[in-house]
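Reading the structure
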2 protein chains.
Amino acid sequence: MTLAAELAPSFSQRLSAAAAETDRLLDRLLASAPCQNEILRPQRLLDAVRYASLGGGKRIRPFLVVEAAALFEAPRERALMAGAALECVHCYSLVHDDLPAMDDDDLRRGQPSVHKAFDEATAILVGDSLLTFAFDVVSRPETHPDAAVRVELVSALARAAGFGGMAGGQMLDLAAEGRFDPRREPLDLAAITTLQQMKTGALLRFACVAGAILARARPEEREALARYGEAIGRAFQIADDLLDVEGDAATVGKSTGKDAAAGKATFVGVLGAEGARAWLKNLVAEAEAALAGFGSRAAMLAAIARFIAERRA
Amino acid sequence: MTLAAELAPSFSQRLSAAAAETDRLLDRLLASAPCQNEILRPQRLLDAVRYASLGGGKRIRPFLVVEAAALFEAPRERALMAGAALECVHCYSLVHDDLPAMDDDDLRRGQPSVHKAFDEATAILVGDSLLTFAFDVVSRPETHPDAAVRVELVSALARAAGFGGMAGGQMLDLAAEGRFDPRREPLDLAAITTLQQMKTGALLRFACVAGAILARARPEEREALARYGEAIGRAFQIADDLLDVEGDAATVGKSTGKDAAAGKATFVGVLGAEGARAWLKNLVAEAEAALAGFGSRAAMLAAIARFIAERRA
């Protein structure tokens, strides 16, 4: 039996457990009662925020925070708080990306996207609210008793999500479609790598680094987690591109074949499906190599790298 | 000569100086070079972010942070950092509010709004980027050497801007227009007060409280600044409503008469122009009363309250 097969039951159990805990935490954080310094939480907005963030998704980002923190034996409740905040940022980005002026997607996780289930103005405010709330959650003492740790998380999350990270990556993606210049040059592999590193990679990298920040890990340990996070970030996007050309909408839970139709810059488009699969394998090896210094303690993180590369939805 | 008239030249000089310093700081913070943990700042997005945030507006919010901090002799550079972050949040809210799905406004400060000067997708990402960047700026050591102070600012800013504050207020405003239920009841004075306290008041209150947080002021001093901030927040909105019915587009720098046409819930609509002006006077008195404990040191903050009530643009 391979290590991956041995870990499999434990892996899926741990993933489900972290997802369920993240959901329960978000459910509690997104209750109707306002917190100190809030005035009230308008019902329609809160309903839409909850629709956008509860009960869907594999919660792979919070799982990464939890397992990266576990590597250093940092308390799980703190990792769940940081993971919930990160999931708010991820969910905001999905809501805004689905808007008609952006990717114009009516389906998300097999359900109507927020602007379809509610309306466009509500969807804009849902994204704004979830993004803002992420920083509220990170700043709370429950995330870490040491304010210096919390503020380091705020800074890292803002850099990962902002114009130098995720939001900037979304901009590069729209540009690559020819949105602003129909005669643009097609992106080469280096440009696609940068784009995806920003659009998808930055938040996944943050998830791994957040575990190390929460544990006040040594610089070389943080570096190792950052390298691991960068490798799985790239692997995640290649797997996503492969799903877009090979998956079907029912399994994936969103429209497929759209990226190719929109002329999006994808790894599969440049490398072909075979080339992309080969690179995916290399990235898993790279992720595992980054974890080498942690020995068998990092078996679960290694399993996550393989899961990301092999996922079918 | 009244106190207001005596202060007038000094007041407008100080307001212009804080605005110029805020602009220089934002210009520097929004440079092309990426910061640590950023990958790159895409040119079109950065251009649009700069268009949305530089060279416009009176910068009344940063001015409030600066003058509230000055009351406690907190360093001006730190107040300017917090003020710049707050201005990023304010500017993001303008960009998103102007979107076609929101207030659909083509003019802002006499210039094409961001989705007109660029496009809708860019405007959505500009708002997202400015909001995220605000938390980046607040989390920097230049804002305050003590991480506990920075994280307190993060929390207060998130609560003021989120679904329990500004974003929630925008939602209530859309609901009051009848966007979601054409047969809704018109808002009474209490409901309009709550709406405006969230939509406009929360950020102005934060500006004042931020000065006290930066100075690690005593709880009763923070409370006094919060009361002052709440009073000028209400005054600001009433003055805005009066401008919407009495001002002209050229002076105000945005379309006027739109709120009434859109059936928006305004103080002037409920109280009439005379009633609104009377209440405005009371609010200035309330703001001054909140400052009483600070004596003549608070003369500049009192002048700001009068400026807000009497502004013509």
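Residue positions within a chain follow its written sequence, with the count starting from 1. For naming, the first written chain is A and the first written ligand is 1, with later ones following in the order written. The model is predicted, so local features are restricted to residues of pLDDT at least 70 and side-chain atom pairs to those at 80 or more, both for listing and for counting; the totals for chains, interfaces and linings are taken over all residues. Side-chain measures were taken over the full set of non-hydrogen atoms in the model, leaving aside hydrogen atoms and water.

Thoughts on the interface of chain A and chain B
Residue contacts follow a heavy-atom distance rule, with two residues in contact if any of their heavy atoms lie within 4.5 Å. Contacts between the two partners involve 57 residues from chain A, matched on the other side by 57 residues from chain B. Where chain A abuts chain B, roughly 5,000 Å² becomes buried across the two surfaces, and 75% of that area is made up of carbon and sulfur atoms. Salt bridges are defined as contacts in which a side-chain nitrogen from Lys or Arg sits within 4 Å of a carboxyl oxygen from Asp or Glu. Here chain A and chain B share two salt bridges between them. Residue Asp 136 of chain B is joined to Arg 159 of chain A by a salt bridge in which the shortest nitrogen-to-oxygen separation is 2.8 Å. Polar contacts here mean pairs of N or O atoms no more than 3.5 Å apart (in protein, one a potential hydrogen donor and the other a potential acceptor; neighbouring residues in sequence count only if both atoms are side-chain atoms). Where chain A touches chain B, the interface holds eight residue pairs in polar contact (both at pLDDT 80 or more). Runs of E in the DSSP output that reach at least two residues are strands. Runs of H or I that reach at least four are helices, and both are numbered from the N terminus. Elements supplying a minimum of two residues to the side of chain A that touches chain B: α2 (43-53), α4 (76-97), α6 (120-138), α7 (147-161), α8 (166-176) and α9 (189-214) of chain A. Counting residues per element, the side of chain A that touches chain B draws most heavily on α6 of chain A, at 12 residues. Under this grouping Gly is polar, as are all residues other than the nonpolar Ala, Val, Leu, Ile, Met, Phe, Trp, Tyr, Cys and Pro and the charged Asp, Glu, Lys and Arg. Looking at the side of chain A that touches chain B residue by residue, the classes come out as 31 nonpolar, 14 polar and 12 charged. Accessible area, probed at 1.4 Å, shrinks when two parts are joined; the buried area is that loss added up over both.

Details of the packing of helix α2 (residues 43-53) of chain B against helix α6 (residues 120-138) of chain B
Residue and element names in this part refer to chain B. Think of each axis as a best-fit line through the C-alpha atoms, taken over the contacting stretch in the case of a helix, with angles from 0 to 180 degrees between the N-to-C directions. The geometry of α2 relative to α6 is characterised by a closest axis approach of 9 Å and an angle of 70 degrees between their N-to-C directions. Relative to α6, the element α2 is oriented roughly perpendicular. Residue-level inspection shows Arg 44, Leu 45, Ala 48, Val 49, Ala 52 and Ser 53 of α2 in contact with α6, the latter providing Thr 122, Leu 125, Val 126, Ser 129 and Leu 130. Within the contact of α2 with α6, the residues separate by chemical class into seven nonpolar, three polar and one charged. Angle categories: roughly parallel below 35 degrees, roughly antiparallel above 145, roughly perpendicular from 65 to 115, and oblique for all the rest.

Describing the pattern of salt bridges
Residues and elements named next belong to chain A. Applying the stated rule across the entire model yields 43 salt bridges over all chains. Among the ionic pairs, Glu 152 bridges to Arg 222, the shortest N-O distance being 2.4 Å. One end of the pair, Glu 152, is in helix α7; the other, Arg 222, is in helix α10 (residues 219-246), with 70 residues separating them in the sequence. Note on classification: 1.4 Å probe, protein chains only; a residue is buried when its accessible area is under 20% of the maximum for its type, exposed when over 50%, partly exposed between these limits. Accessibility expressed as a relative area gives 33% for Glu 152, which makes it partly exposed. Put simply, Asp 23, Arg 59 and Glu 87 are held in one network by salt bridges that share partners.

Observations regarding the confidence of the model for chain A
Of all residues in chain A, 91% attain a pLDDT of 70 or more, and the chain-wide mean is 92. We note a pTM of 0.94 for the whole complex and an ipTM of 0.94 for its interfaces. Scored from 0 to 100, pLDDT reflects the predictor's confidence in each residue.

Examining the relation of the copies chain A and chain B
Superposing copies: least-squares fit, C-alpha atoms only, residues required to have pLDDT of at least 70 in both. Screw-axis analysis of chain A against chain B gives a translation of 0.0 Å along the axis, an RMSD of 0.0 Å, and a rotation angle of 180 degrees. Here the transformation between the copies is reduced to the relation of a two-fold axis. With an isologous cut-off of 70% or more, the 100% of interface residues of chain A that recur at the interface of chain B puts this contact in the isologous class.

A short note on the nonpolar core
Ranked by size, the top nonpolar core spans 217 residues in total, and within it Leu 225 and Tyr 228 of chain A together with Leu 225 and Tyr 228 of chain B carry the most contacts. If we ignore the near neighbours within four places in the chain, the residues touching Tyr 228 of chain B are Leu 64, Cys 208, Ala 287, Ala 290, Leu 291, Leu 301, Ile 304 and Ala 305 of chain B. For our purposes a nonpolar core is just a set of buried Ala, Val, Leu, Ile, Met, Phe, Trp, Tyr and Cys residues, chained together by side-chain atoms within 4.5 Å.

Let's talk about the packing of aromatic side chains
The rule is short: rings of Phe, Tyr and Trp, with Trp giving its six-membered ring, pair when the centres are within 6.5 Å, and they are stacked under 30 degrees, edge-to-face over 60, tilted in between. Scanning the model with the defined rule gives 13 aromatic pairs over all chains in all. With 5.0 Å between their ring centres and 40 degrees between their planes, Phe 133 of chain A and Phe 163 of chain B make a pair best called tilted. Of the two residues, Phe 133 of chain A is situated in helix α6 and Phe 163 of chain B in the loop between α7 (147-161) and α8 (166-176); the pairing between them involves two chains. By relative accessible area, which is 3% here, Phe 133 of chain A ends up buried. An angle of 90 degrees between the planes, with centres 5.8 Å apart, marks the rings of Phe 72 of chain B and Phe 294 of chain B as edge-to-face. A residue pair is termed long-range when its members are at least 10 positions apart, and Phe 72 of chain B in the loop between α3 (60-71) and α4 (76-98) and Phe 294 of chain B in the loop between α13 (267-290) and α14 (299-310) qualify at 222 residues. For Phe 72 of chain B, a relative accessible area of 18% corresponds to the buried category.

Thoughts on the environment of Ala 290 of chain A
Residue and element names in this part refer to chain A. Tracing the backbone through its elements, the reader meets Ala 290 in helix α13 (residues 267-290). What makes Ala 290 buried here is its relative accessible area of 8%. Between the C-alpha atoms of Ala 290 and Ala 18, which are 272 residues apart in sequence, the distance is 23 Å. With residues up to four places along the chain from it excluded, the contact list for Ala 290 reads Ala 224, Arg 227 and Tyr 228.

Details of the side chain of Arg 41 of chain B
Residue placement: Arg 41 of chain B occurs in the loop between α1 (3-29) and α2. A polar contact is formed between the side chain of Arg 41 of chain B and the backbone oxygen of Leu 29 of chain B, at a distance of 2.9 Å. At 2.9 Å, the side chain of Arg 41 of chain B forms a polar contact with the backbone oxygen of Ala 31 of chain B. Discounting chain neighbours no more than four positions away, the residues touching Arg 41 of chain B are Phe 163 of chain A together with Leu 29, Leu 30, Ala 31, Ser 32, Ala 33, Pro 34, Cys 35, Leu 46, Phe 133 and Arg 140 of chain B.

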